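Below, each chain spelled out in residue letters.
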Amino acid sequence: MAFIMTRLQVGDYDVFKPLFDKDSPGTRETACDYRLFRSVEDPNEIYIQVEFKSTEDAKAGRDKLFAAGVLERWADRTGPTVVEEAETVAY
């Protein structure tokens with residue numbers, strides 16, 4: 001299991017969300033799941049976690065994002081970064 005993690009300052013969440021839902025690069029076509037988070041202090045700062053079955057699938061998804069150039073519209077961003085879970089702790 002692997003994930004793509006991305007942080008974006010989208011400026012206007014209501015404008016961003018329909019673009020995200022469209023998934024024009026097709027990044028989530030092979031995904032198992034995704035989670036979309038909003039910062040409590042700034043609801044226009046969002047965090048996206050997309051889950052894939054394998055590192056190869058996650059890298060392919062990231063490559064689709066880069067090739068499509070869809071993230072270029074947001075200069076204030078981190079990622080997309082492919083990560084693997086290091087540890088899970090349940091409380």
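Residues numbered from 1 in each chain as written. Predicted model: local features only at pLDDT ≥ 70, side-chain atom pairs only at ≥ 80, totals over all residues. Heavy atoms only, no water.

*Asks:* Tell me about the overall build of the protein, residues and numbers included.
*Replies:* When helices and strands are counted, the protein shows two helices and four strands. Put simply, the protein runs from its N terminus to its C terminus through helices and strands in the order β-α-β-β-α-β. For the protein, the C-alpha radius of gyration of 13 Å lies close to 12 Å, the compact-globule estimate for 91 residues. Seen through its principal axes, the protein has C-alpha atoms that stretch 35 × 30 × 20 Å. Residues counted as buried form 35% of the 91 residues belonging to the protein. Long-range pairs, those at least 24 residues apart, make up 65% of the contacts in the protein between residues at least 6 apart in sequence. Accessible surface computed for the protein: about 5,900 Å², of which carbon and sulfur atoms make up 50%. Averaged over its 12 positive side-chain charges, the protein has a centre that lies 4 Å from the centre of its 18 negative ones. (Helix = DSSP H or I, 4+ residues; strand = E, 2+ residues; numbered from the N terminus. Rg over C-alpha atoms; globule rule 2.2 N^0.38 Å. Buried < 20%, exposed > 50% of the residue type's maximum accessible area, 1.4 Å probe, protein only. Contact = heavy atoms within 4.5 Å. Areas by Shrake-Rupley, 256 points an atom, 1.4 Å probe, with all protein chains shown as cover. Lys, Arg positive; Asp, Glu negative; His and termini not counted. Charge placed at Lys NZ, Arg CZ, Asp CG, Glu CD.)

*Asks:* Explain the pairing of strand β2 (residues 33–38) residue by residue, including any values.
*Replies:* Relative to strand β3 (residues 45–52), β2 runs antiparallel, the two being bridged by six bridges. Bridging from a neighbouring strand, Tyr34 pairs with Val50 of β3. (Pairing = 2+ DSSP bridges.)

*Asks:* So what's going on with the packing of aromatic side chains? Residues and values would help.
*Replies:* In this structure the tally under the stated criterion is four aromatic pairs. Centroid distance Phe16 to Trp74: 5.6 Å. Interplanar angle 70°. Geometry classified as edge-to-face. Here the residue Phe16 occupies a position in helix α1 (residues 13–22), and Trp74 occupies one in the loop between α2 (55–68) and β4 (77–83), the gap between them amounting to 58 residues. Residue classification places Trp74 among the buried residues on the basis of a relative accessible area of 11%. By way of ring pairs, the aromatic residues Tyr13, Phe16, Phe20, Tyr34 and Trp74 are connected into one cluster. The aromatic ring of Phe20 is capped on one face by Arg28, whose charged end is 4.0 Å from the ring centroid. The positively charged end of Arg28 is found above the aromatic ring belonging to Tyr34, 4.8 Å away from the centroid. (Phe/Tyr/Trp six-rings, centres within 6.5 Å; stacked < 30°, edge-to-face > 60°. Lys NZ or Arg CZ within 6 Å of the ring centre and 35° of its normal.)

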